[in-house]
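Per-entry structural report
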Amino acid sequence: MTSFFRDMGFAFAQLRRRPGFTAVAVLTLALGIGANTAIWSVVQGVLLSPLRYPHPEQLMTVWENRAARGGPEQEFTGKAVFEDWRTGNQTFQAMAVFDDWQPTLTGRAEPEQLAGGLASDEYFTVLGVRPAMGRAFLPSDGRMGAPRVALLADALWRRRFDTDPAVLGKAIELDGETHTVVGVLPAGFKAPFVQAEIWRPVQIEAAPQDRGNHYLRVIGRLRDGVEMPKAQADLRRVAAGIAERDPQYYSSVGVTLVSLHRQLVGVARSSLLVLLGAVGLVLLIACANVANLLLARATARAREVAVRTALGAGRARLVRQLLTESSLLALAGGAAGMILGSLGTSALRSLAPAQTPRLEEVTVDLRVLLFTLGLALATGLLFGLAPALHATRPDLASALKEGSHGAGMAHGGGRLRGFLVAGEVALALTLATGAGMLIHNFSGLLNVSPGIQPRNVLTANVSLPVARYKDPASQARFFTELLARLQARSGVVAAGAIPEAPFSGSDNDNAFTVEGQAPPAKGHEPDAWIRRVSPGYFQALGLAVVAGRPLSEQDRATSERVVVVNRTLQQRIFHGAAALGHRLRLGSVNSKQPWARIVGVVADVRHRGLDTEPEVEIYVPHEQLPAAAMTVVIKAAGDPLQMVPALRAEVRALDPNLPVSGIATMDELIANSLAVPRFVGLLLTVFAALALALAAVGIYGVTAYSVGQRRHEIGVRVALGAGRRQVVRTVLGRGMVPAAWGMLVGLGCAYAMSRAMGSLLSTVSPTDPTSFAGAALLLGGVSLIANYLPAQRAAATDAARALRTE
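Let me begin by describing the structure that accompanies this report. (Residues numbered from 1 in each chain as written. Predicted model: local features only at pLDDT ≥ 70, side-chain atom pairs only at ≥ 80, totals over all residues. Heavy atoms only, no water.)

Another aspect to go through is a nonpolar patch on the surface. A surface patch of nonpolar side chains, amounting to about 530 Å² of accessible area, comprises Leu331, Leu366, Leu369, Leu370, Leu373 and Leu377. With respect to the helices and strands, Leu369 occurs in helix 11 (residues 366–391). On the basis of relative accessibility, which here comes to 38%, the residue Leu369 falls in the partly exposed class. (Patch = residues over 30% accessible without salt bridge, like charges linked within 9 Å, V, L, I, M, F, W, Y side chains within 5 Å. Areas by Shrake-Rupley, 256 points an atom, 1.4 Å probe, with all protein chains shown as cover. Salt bridge = Lys/Arg side-chain N within 4 Å of Asp/Glu carboxyl O. Helix = DSSP H or I, 4+ residues; strand = E, 2+ residues; numbered from the N terminus. Buried < 20%, exposed > 50% of the residue type's maximum accessible area, 1.4 Å probe, protein only.)

Another point: the pairing of strand 19 (residues 583–586). Walk down a regular strand and you will see the side chains alternate between the two sheet faces. Where strand 15 (residues 509–514) and strand 19 come together, three bridges link them in antiparallel fashion. Of the residues in strand 19, the one forming a bridge with Val514 is Leu584. Here two bridges tie strand 19 to strand 20 (residues 596–602), and the two strands are oriented antiparallel to one another. Its bridge partner being in strand 20, Leu584 is matched across the sheet by Ala596. (Pairing = 2+ DSSP bridges.)

Moving on, we come to helix 17 (residues 644–654). Among all positions in helix 17, only Val644, Ala646, Leu647, Glu650 and Val651 are buried. Seen from one end, helix 17 has its buried residues packed into an arc of 165°, which puts them on one side. Against the buried residues of helix 17 lie strand 13 (457–463), helix 14 (472–487), strand 22 (629–636) and strand 23 (661–665). (Arc of directions from axis to C-beta. Contact = heavy atoms within 4.5 Å.)

The next point concerns the packing of aromatic side chains. Per the stated rule, a full pass over the model turns up 13 aromatic pairs. Seen from their ring centres, Trp40 and Phe371 are 4.5 Å apart, and the 10° between their planes marks the pair as stacked. A residue pair is termed long-range when its members are at least 10 positions apart, and Trp40 in helix 2 (residues 19–48) and Phe371 in helix 11 qualify at 331 residues. You can call Trp40 buried: its relative accessible area is 18%. Using a relative accessible area of 21% as the deciding quantity, one classes Phe371 as partly exposed. Cluster of aromatic residues (ring-pair linked, three or more members): Phe98, Tyr123, Phe124, Phe137, Phe189, Phe193 and Trp199. Over the ring of Trp101 we find Arg200; its NZ or CZ atom is 4.6 Å from the centre of that ring. (Phe/Tyr/Trp six-rings, centres within 6.5 Å; stacked < 30°, edge-to-face > 60°. Lys NZ or Arg CZ within 6 Å of the ring centre and 35° of its normal.)

A full pass over the atoms with the stated rule returns 25 salt bridges. Residue Glu112 is joined to Arg159 by a salt bridge in which the shortest nitrogen-to-oxygen separation is 2.8 Å. Here Arg159 lies in helix 5 (residues 154–161) and Glu112 lies in strand 4 (residues 112–113), a separation of 47 residues in the sequence. You can call Arg159 partly exposed: its relative accessible area is 39%. The residue Arg237 makes a salt bridge to Asp234 at a minimum N-O spacing of 2.5 Å. Highlighted residues: Arg237 and Asp234, both in helix 6 (residues 228–245), separated by three residues, approximately one helical turn. With relative accessibility at 42%, the residue Arg237 sits in the partly exposed group.

Moving on, we get to the sheet that holds strand 14 (residues 492–498). The strand order across the open sheet built from four strands is 14-22-13-23, with neighbouring strands paired in antiparallel fashion. Lying at the two open borders of the sheet, with one neighbouring strand each, are strand 14 and strand 23. For this sheet the average axis-to-axis angle between neighbouring strands, irrespective of direction, equals 15°. Here strand 14 pairs with strand 22 via six bridges, running antiparallel. Paired with Gly496 across the strands is Val633, a residue of strand 22. Along the sheet, helix 14 contacts strand 13, strand 14 and strand 22; its crossing angle with strand 14, the most-contacted strand, is approximately 165°. Where helix 17 meets the sheet, it contacts strand 13, strand 22 and strand 23, and its direction lies at approximately 25° from that of strand 13. (Axes fitted to C-alpha atoms, helices over the stretch in contact; angles between N-to-C directions.)

Moving on, we come to the pairing of strand 10 (residues 198–201). By the bridge criterion, four bridges tie strand 5 (residues 116–119) to strand 10 in an arrangement that is parallel. What sits directly across from Ala119, in strand 10, is Pro201. Here two bridges tie strand 7 (residues 149–152) to strand 10, and the two strands are oriented antiparallel to one another. Among the inter-strand pairings, Leu151 is bridged to a residue of strand 10, identified as Trp199.

Topologically, Asp154 is positioned in helix 5. Ignoring any residue separated from it by four or fewer positions in sequence, one finds Asp154 in contact with Val184, Leu185, Pro186 and Ala187.

Helix 22 (residues 769–795) packs onto helix 21 (residues 724–756) with a crossing angle of 155° between their chain directions and a minimal axis gap of 8 Å. As far as their axial angle goes, helix 22 and helix 21 are roughly antiparallel. Considering the relative orientation of helix 21 and helix 22, their crossing is right-handed. When grouped by side-chain class, the residues that make up the contact of helix 21 with helix 22 number 18 nonpolar, six polar and one charged. (Parallel < 35°, antiparallel > 145°, perpendicular 65-115°, else oblique. Left-handed = near helix turned anticlockwise from the far one by under 90°. Nonpolar A, V, L, I, M, F, W, Y, C, P; charged D, E, K, R; others polar.)

Below, the discussion takes up the side chain of Asp655. Along the chain, the position of Asp655 falls in the loop between helix 17 and strand 23. Apart from the residues lying within four places of it in its own chain, the contact partners of Asp655 are Arg468, Tyr469 and Phe478.

For His55, which is not glycine, the phi dihedral falls at a positive 45°. Relative to the assigned elements, His55 resides in the loop between helix 2 and strand 1 (59–65). Residue classification places His55 among the exposed residues on the basis of a relative accessible area of 51%. Of note, the phi angle at Phe193 is positive, near 75°, even though the residue is not glycine. Turning to its location among the elements, Phe193 is positioned in the loop between strand 9 (177–184) and strand 10.

Turning to the environment of Gly542, a few remarks are in order. Along the chain, Gly542 falls in the loop between helix 15 (537–541) and strand 17 (545–548). Overall, Gly542 belongs to the partly exposed group, its relative accessible area being 26%. Considered as a pair, Gly542 and Lys635 are 93 residues apart in the sequence and their alpha carbons are 9.0 Å apart.

Looking now at the packing of helix 14 against helix 17. Taken N-terminus to C-terminus, the directions of helix 14 and helix 17 make an angle of 140°; their axes are 10 Å apart at the nearest point. Judged by the angle between their axes, helix 14 and helix 17 are oblique. Judged by the twist between their axes, the crossing of helix 14 over helix 17 is right-handed. Together, Phe478, Glu481, Leu482, Arg485 and Leu486 of helix 14 and Ala646, Leu647, Glu650, Val651, Ala653 and Leu654 of helix 17 make up the contact between the two elements. Residues that form the contact of helix 14 with helix 17 fall into these classes: eight nonpolar, no polar and three charged.

Shape is all these values report; function is a separate question.
Laid out in structure tokens, this is it:
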């Protein structure tokens, strides 16, 4: 221990004696370690931390697997199938269904639309959550005709009920219906997938006609000791029994089992792993830079090492001393990196897209601190070992000569420094290529036509309580009158409505059949996204009609059933032939829905995002298929946000108990849909810029040091008649050799990285030549400039002075 403290004291004295060297090394390491700490805190919180439920490894999501029938591997299910799964399995403690719900709270100050959830009675049992006050749902709460009850989230209880403990048993009005509050959930509880402030039981008594409906999500908790493969096999057995009893609907329909953790974080996994790999490369470049600094310093200390060796110090003792110095540097860099990492974590949380899962769990905790400490120690060994081993193998005879300047180590040290420079360039090129691909991809997304004209368009949600608007006709009348009032307002170019606005993240699909075409097998009907729209919707969004006519005011509930289809449907179903005049029917082969005539074809809309291809879409007149919840779309003559007061006033005039929520411009919705690629691209670009800067500093430092070591040689060349250009070419030629090797290796590394980034690219290929060529040219230019500056200084060498000082 005494020897350790002696080594630490000596190392501290050495670093303090050279403050410039120490400051540069610590800052370089702090940048690399800080970036890694920030990204690791996100990876730790999102990907690695267990979910905050009891025994989270037992929690599973369960989906219908319809891949064999041309559908998705993860499809929602219906009440009947859920009941079969729940009662027929032998591996789950409990299973529950849940869904979204957007109720309107009235009777307490201003009406407010809440984010809510529907859940079966075992939902909170599955999650292992007990109410902080009152009780959870009972099986009887979900039966037809049962008294309506509700559970409050802690945040809503505090915000709207002033933490009143007497709220239990009180009646509140939701969607015009009276509900009794039976419980308050604990503070900090966060339900998976549903941002709910209030909960209501879902009725799971299945009617025969419900078997074809798929709108419920299923979550379950495995029994103790049951592994996922066994549970998967058990549910396959149950699914086979369902298919045997009802082959029309469920032949070849399987079950997909996914852990809740994987289901929650899957969308962020690839992005975070790419970012983690990127900051790892930044740290390696930082280590290479510091290793080059230590090599240069080791050469300067060659005489000191030689003297200590001649006096009997063993190589292991010298290596230990030098590693102590590098470890002390790393710890100082780690401490500074922790500060930068904490600031970076806060910045990441504020900049990260709102849809990032588990973002509230990202923090710099003890695990992150331990990671940073371990990273600092590993970094000290990584950049310190090679210089330490090299420094302790000097040529004693030449090193002990006065004025040798470390000649005994110069040759081997030069090779090692060149190797480190090549590595820096390779890593920087890898990052620059990845960043270039994401920038190119994002630029491509911005140039993708959404299929609509979003400029000056306002969107807002209006939801009618079914208790007061029970029949579809009353729902249709409300929105028809609201849109007519808005259309009459000054500054409104057009007004329409649709349940799921483009780029909102919501959708509704259904099977359909075409009259006159060979009927598909039951369950194999083509599928389309159903858009229930008002007549003014196409004009409000500038949706082009390519054939026929748009929906109009004459398309009422009492008139002929009509639809408008998109170009993709015409191409896929009618193979490019005219679709006008044909009839189709929503639902399966035996559907009782009336036939509807195709009266128009419109351009494709990338409804689900600019990075997705257009889907088959069917536009249905809202009056012929009404919905209680709609997104109002207003095309304004100027700033669309100026229309918000008018919208609120018109809604209040029709029904003072209706809130207007989800106000956003269409430009904002499109921008939000690009939040993830923008965020990942921004971070990777920042890391690539940092890598380029570090690589440039490393190249400059090595070349400048090499010029300093070869000052006598350069003086001789100048004395013998070498001109400035010849000296510059010589220095540039030697300096660019390791850079060229690094670029060659870097292209291979960049190719491997681009393949790993495939899931993040939608508008460019993983082998995009523009990104590769641009990154190579950029690194080449940076390397050339970093070498040119020392070369210019070498060309200005005074031959007489250089020869005298040698």
